[in-house]
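Each chain, letter by letter, is given below.
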Amino acid sequence: MILKGSILLLLLIICHDRIRRSIVTSVADAEYDYIVVGGGTTGAAVAGRLSENPNVKILVIEAGKSDEAYPKIRVPEFESLMFSDANWDFRTVPQKVAGQALVNKTERWPRGKILGGTSSMNHMIYHRGSPHDFDSWEDQGAKGWNWGNVEKYFVKAEGSQDPRLSPKLGRNGPLKLTKAYDRPIVDHIIEDAARELGINTTDYIESLEGFSKLVATIYRGLRINSIEAYLRDHFPDRKDRLHVLCESLATKVLFNITKNGPVAAGVEYIKDGETRQAYARKEVILSAGVIGTPHLLLLSGIGPEEHLNEHDIPVIVNSPGVGSNLKDHVRMQYYLYSDKFPEDYSMSRNEDYADEVRKALIERNGVLTNLIMVVGLQHAKSSGSITLQSSDPLQPPLIDPAFFSNEDDVRVYVEGLRFVENLLETEKFKELNVKHVFQPYCNEFGNEPPRSTEYLECWLRQVATSEYHPCGTAKIGRESDPSAVVDERLRVRNVKHLRIADASVMPHEISGNPQGTCYMIAEKAADMIKQDWAE
């Protein structure tokens, strides 16, 4: 039984972790060559690559605890930390432009407040996106970020461990990859139902057009986060030059103001209730994430001048793009059940579904028994923002995703829902007795297939939510673009020695889960930093 095996594995991990050496530093030094703010997906990878040089000294400042404090995250079956203190527990502002049904609706935006960041709490799906995504980045001003330039950095990160995976994947990188979520019902969907609709099967590393199984950051049954991939094994040999400071909240970037403009000099942070400083001889690298990075820039005086003045923050650089261009994937979930596959069950990740968990584990039926089908909008026209609600760094920023503020997103999404409706009506799904378990919304429009546009639009606005793949709040762009925050080498414009390396620099979303792109950004950023400092 999956649950018993997972519990046994968890107990073994706990015993093993008790004899492992911690990578956490209790007290930081006053000065380093590089300070990396954020020990998450990208930050840990950047720090790991920079620490390959024995002649540099690096500090990682992480607001959350060590990932070793949560041993259950290593078991994929127990992957969720949404309701723990390892989640920042961000919430959006009430949505006012997304259609009547979403007025005043807020939602959770889970982000990892833990070493490894969101790589310690995500669903571990690995994806590169489409080559066209990165060519589009370059078209929008991200010079040197087209597919021809970034592919090698994906390969550098990847460590494929499964001969069934695409040969295009790297084999020697630190990020272990295997095929995952491989269940019988998925085979029927891919091989039979898809064929009825005339849709090819594919490997999405090779081509995005068709049905594909998933690649995941799982190895030997365990989650591989950025700490396992890039830091933990190397730490014993690098502990004198790589310091990882946890439970330390960065509150501002410190600057020296020179006749040639501001120069990033260090970081102010709060540790054990005390405000402290650490200084950087070379660079400060912000990897605090799509929410944390623009928040820290704004608190430090880099952002839209008018907005900073509203909060009495001295303006270091007027950068209108900081916090703007918030992009995200939007998702809807179809809950499906089939009594043909009682062995395929999934544990709930939501405390409100306790009864469904009981049904799945004891009665072997219910909403969570077989399959959740997610329908995602990959490239929304709508854009949101991250802004300050206060100059107090302990207050979270205002997050406004502005979902469906562009009506074209609704129209495109409805077409996607119609595709799923057709999939559910295939002969294979009927043979498998797959049932769609409906949420109790929009019944006034009738919920029997074929469902009306009015029903689908109503249902969309009721149940659509973030896929938790935000990006774009400090994007790469041309110098002539006032909304661009960093240049093509990820240097913050009009500031020296300050760089950003995380998903906030992405000009727009990719066609898939962004975890892989975050590792690519880290690999490319580390190479550029080494080049710029001739290391």
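An account of the accompanying structure is given in this report.

Reading the values: rules and limits
- Residues numbered from 1 in each chain as written.
- Predicted model: local features only at pLDDT ≥ 70, side-chain atom pairs only at ≥ 80, totals over all residues.
- Heavy atoms only, no water.
- Helix = DSSP H or I, 4+ residues; strand = E, 2+ residues; numbered from the N terminus.
- 1 Å grid on protein atoms, 1.4 Å probe; cavity = no way out; pocket = protein on both sides within 12 Å on 5 of 7 lines; lining within 4 Å.
- Points joined across faces, edges and corners; volume = space filled by probe spheres on them.
- Nonpolar A, V, L, I, M, F, W, Y, C, P; charged D, E, K, R; others polar.
- Axes fitted to C-alpha atoms, helices over the stretch in contact; angles between N-to-C directions.
- Parallel < 35°, antiparallel > 145°, perpendicular 65-115°, else oblique.
- Left-handed = near helix turned anticlockwise from the far one by under 90°.
- Contact = heavy atoms within 4.5 Å.
- Phe/Tyr/Trp six-rings, centres within 6.5 Å; stacked < 30°, edge-to-face > 60°.
- Buried < 20%, exposed > 50% of the residue type's maximum accessible area, 1.4 Å probe, protein only.
- Core = buried A, V, L, I, M, F, W, Y, C linked by side-chain atoms within 4.5 Å.
- Arc of directions from axis to C-beta.
- Polar contact = N/O pair within 3.5 Å; in protein donor to acceptor, adjacent residues only side chain to side chain.

## Focus on unusual backbone geometry
Generally, phi is negative for residues other than glycine and the peptide bonds are trans, each holding for most cases.
Right, on to step 1. Here Asn325, not a glycine, exhibits a phi torsion of approximately 60°, which is positive.
Right, on to step 2. Turning to its location among the elements, Asn325 is positioned in the loop between strand S16 (317-318) and strand S17 (330-337).
Right, on to step 3. At Leu490, a residue that is not glycine, the phi angle is positive and equals roughly 70°.
Right, on to step 4. With respect to the helices and strands, the residue Leu490 is situated in the loop between strand S22 (465-466) and strand S23 (498-500).

## A look at empty space enclosed by the protein
Right, on to step 1. Overall, the coordinates contain 3 cavities of 30 Å³ or more when judged by the stated rule.
Right, on to step 2. Here the second largest cavity is characterised by a volume of approximately 60 Å³.
Right, on to step 3. Of the residues that constitute the lining of the second largest cavity, the class distribution is 7 nonpolar, 1 polar and 3 charged.

## A word on the packing of helix H3 (residues 131-139) against helix H4 (residues 147-157)
Any two packed helices are characterised by the angle at which their axes cross and by the distance between the axes.
Right, on to step 1. With their axes 9 Å apart at the nearest point, H3 and H4 run at an angle of 125° to one another. In this view, H3 runs oblique relative to H4, as classed from their interaxial angle. Where H3 crosses over H4, the two elements pack in a sense that is right-handed. Mapping the contact onto sequence places Pro131, Phe134, Asp135 and Glu138 in H3 and Trp147, Asn149, Val150 and Phe154 in H4.

## As for the packing of aromatic side chains
Right, on to step 1. Tallying each qualifying case throughout the model produces 11 aromatic pairs.
Right, on to step 2. Taken together, a centroid distance of 5.0 Å and an interplanar angle of 70° make the contact between Phe134 and Trp137 edge-to-face. On the criterion of helical spacing, the pair formed by Phe134 and Trp137 is a turn pair, its members being 3 residues apart in helix H3. For the pair shown, Phe134 and Trp137 are each scored as buried.
Right, on to step 3. Where Tyr230 meets Tyr519, the ring centres are 5.9 Å apart and the plane angle is 15°; that geometry is what we call stacked. Taken as a pair, Tyr230 in helix H6 (residues 226-230) and Tyr519 in helix H14 (residues 515-532) lie far apart in primary sequence, 289 residues in all.
Right, on to step 4. By relative accessible area, Tyr230 is classed as buried at 3%.

## A short note on the environment of Leu165
Right, on to step 1. Within the fold, Leu165 resides in the loop between strand S6 (158-160) and strand S7 (175-180).
Right, on to step 2. On the basis of relative accessibility, which here comes to 3%, the residue Leu165 falls in the buried class.
Right, on to step 3. With 39 residues separating them along the chain, Leu165 and Tyr204 place their C-alpha atoms 10.0 Å apart.
Right, on to step 4. Setting aside residues up to four positions removed in sequence, Leu165 forms contacts with Ser160, Arg171, Leu177, Thr178, Lys179, Asp203 and Val215.

## Quick notes on the packing of helix H2 (residues 41-50) against H14
Right, on to step 1. In the contact formed by H2 and H14, the axes pass within 8 Å of each other and the chain directions differ by 35°. For the crossing formed where H2 meets H14, the hand is right-handed. Residues Thr41, Thr42, Ala45, Val46, Arg49 and Leu50 of H2 form the contact with H14, whose participating residues are Gln515, Cys518, Tyr519, Ile521, Ala522, Glu523, Ala525, Ala526, Ile529 and Lys530.
Right, on to step 2. Its residues assigned to classes, the contact of H2 with H14 shows 10 nonpolar, 3 polar and 3 charged.

## Looking at the environment of Ala142
Right, on to step 1. With respect to the helices, strands and loops of the structure, Ala142 is situated in the loop between H3 and H4.
Right, on to step 2. Sequence separation between Ala142 and Val505 is 363 residues; the distance between their C-alpha atoms is 9.5 Å.
Right, on to step 3. If near-sequence neighbours (up to four positions away) are discounted, Ala142 is found in contact with Trp137, Ile476 and Pro507.

## Focus on the nonpolar core
Right, on to step 1. With 136 residues, the main nonpolar core has Trp145, Leu490 and Leu498 as its most contacted residues.
Right, on to step 2. At 9 residues, the largest contribution of residues to this core is made by H14.
Right, on to step 3. Those residues in contact with Leu498 that lie beyond four places of it in its chain are Val253, Phe255, Ala264, Val284, Leu286, Leu297, Ile302, Leu490, Arg491 and Val492.
Right, on to step 4. Tyr70, Ile73, Ile114 and Met121 belong to the second-largest nonpolar core, a separate cluster that totals 6 residues.

## Details of H3
Right, on to step 1. Taken residue by residue, H3 has Asp133, Phe134 and Trp137 as its buried positions. Down the axis of H3, the buried side of the element spans an arc of 90°, and every buried residue falls inside it. Opposite its buried face, H3 presents the exposed residues His132 and Asp139, each directed more than 90 degrees away.
Right, on to step 2. Looking at the packing, one finds that the buried side of H3 touches H4 and H14.
Right, on to step 3. Of the residues flanking the start of H3, the one acting as N-cap is Ser130, its side-chain oxygen 3.0 Å from the backbone nitrogen of His132.

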